[in-house]
Amino acid sequence: MEGRVGFLFLLLIIGCGGGKPSSVTSKKGKGTIVATNFSPIQPTTTTPIIIKVTAISEKNPEYNWTVNGVSQGINRCKLPPEHFSKGDTVFCSISIQGVEKKKVGPIIIYNEEPRIKSVRISPSSEVRNGDDLSIESDIYDPDGDELSLITEWFINDEKVGTGSILSGKKLKAGDKVYAEVVPFDGVDKGIKSQTDLIIIQNTPPEIISSLPSITGREMNYQIEVRDVDGDAVSLSLAAAPEGMRLEGGRLLWEAPEVENDTTFNIELIAKDDRGGETRTSFDLRLSRKEEE
């Protein structure tokens, strides 16, 4: 039988742990790197870089990582993220028995997106017309970049403004308010987050007219009210002398003759259709009629 002479090659697919060297001997540097790949494809400062090597060799490959041209002194297939920063350029030289067989790179370190841990509207309760709203957030950037928030405000699902502050002048009772925020590190935007919904509380109406007076013995007093929420307002008398009445927004009274100087207490109530009310009271003094 004719003898046959064969050549033995060992195919190694080496991951991060590497493979055990074969007992087959060879000349120094014998072996071929068939293929290499690295992951992740776009590494950032929060992920290690891992190289996978396919080699025909009886020896494990050796690794020499450099970052911006500086050797990191690491002889393994994984480069931890503490060795590089955003924008760095990474290479990995792969050798077999001291002879370089493959150089992987350049591997560019990408920017990491900023993130939001939490976000809320402030103040978040007992908010009324005139109360400016702002955003309180806990945001961070893995690269340590300076961050800003891109904020959009919504009232009753309609976009009403942008920026860090929503003017309280835009609010009225019953409005449903929320904000959508996006973190920005100057390069990339992070994932959008939405705040909880807050409901604007009712503001009681105001009586804004000055105190009434009597001309002669007749009172005809126009009561002026204001409701910042635009609610309808009704008026009533909680305390009043006999004969005093309200007609629409007018307080009417024909003062009686008094034997002595007399002070009357008057209390007005202004109430809106949401139940908010304001009371105001004043004293009205009548002097007795001087005898002729």
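Residues numbered from 1 in each chain as written. Predicted model: local features only at pLDDT ≥ 70, side-chain atom pairs only at ≥ 80, totals over all residues. Heavy atoms only, no water.

**Re the overall build of the chain**
And then number 1: The helix and strand inventory of the chain stands at zero helices and 24 strands.
And then number 2: Of all 292 residues assigned to the chain, the portion counted as buried reaches 33%.
And then number 3: Taking all contacts inside the chain whose residues are at least 6 apart in sequence as the whole, residues at least 24 apart take part in 59%. (Helix = DSSP H or I, 4+ residues; strand = E, 2+ residues; numbered from the N terminus. Buried < 20%, exposed > 50% of the residue type's maximum accessible area, 1.4 Å probe, protein only. Contact = heavy atoms within 4.5 Å.)

**Overview of the nonpolar core**
And then number 1: Ranked by internal contacts, the top residues of the largest apolar core, which has 19 residues, are I49, I51, Y63, W65, L79, V90 and I94.
And then number 2: The set of elements that each furnish at least two residues to this core consists of β3 (49-56), β4 (62-67), β7 (89-96) and β8 (99-108).
And then number 3: Residues L251, F264, I266 and A270 belong to the second largest nonpolar core, which totals 16 residues. (Core = buried A, V, L, I, M, F, W, Y, C linked by side-chain atoms within 4.5 Å.)

**Comments concerning the pairing of strand β22 (residues 250-254)**
And then number 1: Both strand β18 (residues 218-222) and β22 contribute to a ladder of five bridges, which runs antiparallel. Among the inter-strand pairings, Q222 is bridged to a residue of β22, identified as R250.
And then number 2: What sits between the antiparallel neighbours strand β21 (residues 245-247) and β22 is a turn of two residues, in which G248 has the positive phi angle 65°. (Pairing = 2+ DSSP bridges.)

**Here's the deal with the packing of aromatic side chains**
And then number 1: This structure, assessed with the given rule, holds two aromatic pairs.
And then number 2: Ring centres of F154 and Y178 lie 5.0 Å apart, and the angle between their planes is 10°; this geometry places the pair in the stacked category. Taken together, the positions of F154 in strand β11 (residues 148-155) and Y178 in strand β14 (residues 176-184) put the pair 24 residues apart, joining distant regions of the chain.
And then number 3: Classification of F154 as buried rests on a relative accessible area of 10%.
And then number 4: Seen from their ring centres, W253 and F264 are 5.4 Å apart, and the 75° between their planes marks the pair as edge-to-face. Of this pair, W253 sits in strand β22 while F264 is found in strand β23 (residues 262-272), placing the two residues eleven residues apart along the sequence. Both residues of the pair, W253 and F264, belong to the buried class.
And then number 5: The ring of F91 has K103 sitting right over it, with the charged end atom 5.0 Å from the ring centre.
And then number 6: Residue placement shows K117 over the ring face of Y140; its charged tip is 5.0 Å from the ring centre. (Phe/Tyr/Trp six-rings, centres within 6.5 Å; stacked < 30°, edge-to-face > 60°. Lys NZ or Arg CZ within 6 Å of the ring centre and 35° of its normal.)

**So, the confidence of the model for the chain**
And then number 1: Considering every residue of the chain, the mean pLDDT works out to 86; 87% of them sit at 70 or more.
And then number 2: The low-confidence segment residues 1-13, where pLDDT is below 50, has 19 contacts with residues more than four positions distant or belonging to other chains. (pLDDT = per-residue confidence, 0-100.)

**A look at unusual backbone geometry**
And then number 1: The peptide bond linking G105 to P106 adopts the cis configuration, its omega dihedral lying at 0°.
And then number 2: Within the secondary structure, P106 sits in strand β8.
And then number 3: Despite not being glycine, E126 shows a phi value in the positive range, around 55°.
And then number 4: The residue E126 is located in the loop between β9 (115-122) and β10 (133-140) in this model.
And then number 5: Even without a glycine there, the phi angle at D157 is positive, about 70°.
And then number 6: With respect to the element layout, D157 can be found in the loop between β11 and β12 (158-162).

**What to know about the side chain of D143**
And then number 1: Structurally, D143 is set in the loop between β10 and β11.
And then number 2: No salt bridge is formed by the buried D143; the nearest opposite charge belongs to K86, separated by 4.7 Å.
And then number 3: Of the polar contacts made by the side chain of D143, one reaches the backbone nitrogen of E112; its length is 2.7 Å. (Lys, Arg positive; Asp, Glu negative; His and termini not counted. Salt bridge = Lys/Arg side-chain N within 4 Å of Asp/Glu carboxyl O. Polar contact = N/O pair within 3.5 Å; in protein donor to acceptor, adjacent residues only side chain to side chain.)

**Looking at the pattern of salt bridges**
And then number 1: Tallied over the entire structure, the rule returns 13 salt bridges.
And then number 2: In this structure, the salt-bridge partner of R115 is E112, at a minimum N-O distance of 2.2 Å.
And then number 3: When the shortest N-O distance is used, the salt bridge between R279 and E277 registers 3.2 Å.
And then number 4: Among the charged side chains, a salt-bridge network with shared partners connects E267, E277 and R279.

**Things to note about the sheet that holds β23**
And then number 1: Spatially, the three strands line up as an open sheet ordered β20-β23-β24, and their pairing is antiparallel. Looking at strand neighbours, the two that pair on one side only are β20 (233-239) and β24 (277-286), the edges of this open sheet. The mean inter-strand angle of the sheet, taken between neighbouring strand axes irrespective of direction, is 25°.
And then number 2: Relative to β24, β23 is paired through ten bridges, and the arrangement is antiparallel. The partner of N265 across the bridge, within β24, is D283. (Axes fitted to C-alpha atoms, helices over the stretch in contact; angles between N-to-C directions.)

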